[in-house]
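Tertiary structure, described
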Amino acid sequence: MDKIETNLHLWNEIGRLKQKLITQFADRNTKIISPKNCQLVEMYFNSEKMAKTIGRVAEKTPEVGETVSGLLVKKAFTYQIMALDDLYVFSQLSITNSSQRITIAYTGAFGVLKHSVRPEKFQFLE
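Throughout what follows, the structure given in this document is the object of discussion. (Residues numbered from 1 in each chain as written. Predicted model: local features only at pLDDT ≥ 70, side-chain atom pairs only at ≥ 80, totals over all residues. Heavy atoms only, no water.)

1. Comments concerning the overall build of the protein chain
Threshold: Each helix corresponds to a stretch of at least 4 residues labelled H or I by DSSP, and each strand to a stretch of at least 2 residues labelled E; elements are numbered beginning at the N terminus. Three labels apply to residues, based on accessible area from a 1.4 Å probe with only protein chains included: buried if under 20% of the type maximum, exposed if over 50%, partly exposed otherwise in between. Two residues form a contact once any of their heavy atoms are found within 4.5 Å. Under the convention used here, a 1.4 Å probe and the Shrake-Rupley method define accessible areas, while residue burial counts only the protein chains that appear.
Looking only at helices and strands, the protein chain has three helices and three strands in total. For the protein chain, the N- to C-terminal ordering of α and β elements is α-β-β-β-α-α. For the protein chain, the residues scored as buried account for 10% of the 126 residues in total. Contacts in the protein chain between residues far apart in sequence, at least 24 positions, make up 32% of those at least 6 positions apart. A total accessible area of about 12,500 Å² is found for the protein chain, and carbon and sulfur atoms account for 56% of it.

2. Describing the pairing of strand β2 (residues 71-75)
Applied cut-off: Pairing between strands is defined by DSSP: at least two bridges between them are needed.
The sheet contact formed by β2 and strand β3 (residues 78-82) spans five bridges and is antiparallel. If you follow Leu71 over to β3, its bridge partner there is Met82. Between β2 and β3, which pair antiparallel in sequence order, lie two residues; one of them, Ala76, sits at a positive phi of approximately 60 degrees.

Structure below.
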C-alpha cells in the first residue's frame, strides 16, 4: 500500500466509526464530528454541579428559595454540604483554631502614631 491508499483506508475507517457513533447515539442530542488534522474544535460542557446534604443539614428539607448553610466539602468529583460539627463524622478533616499576631517596629512618638491611625476605629490603642 502506498501513502495515498493508506490515507484513504484510514479515512474510510474514520468514516465508518463516525457512522456507527451516529447510529448508536441517534436518540440523544449528540453531534459527531470528524475534523481535519489541526482543525480547531470547540466543545462546551454544562457545568451544573450537585451537592448532597448530609448530617444535621439533611435533617430538615428546605423550602423552595430557602438558603441552606453549611460547609461545602469536595472529595474526588462529589460535593457534600454538612454542618461544621459533622465535619469529623463524615470526613477525615478536622477543625482547628489558629491565631496570629503581627509586630511592626515603630520608632516614632506614640502620639503621632495614635493620631495617624484614628484611634476611634482602633480601641486597643486607647
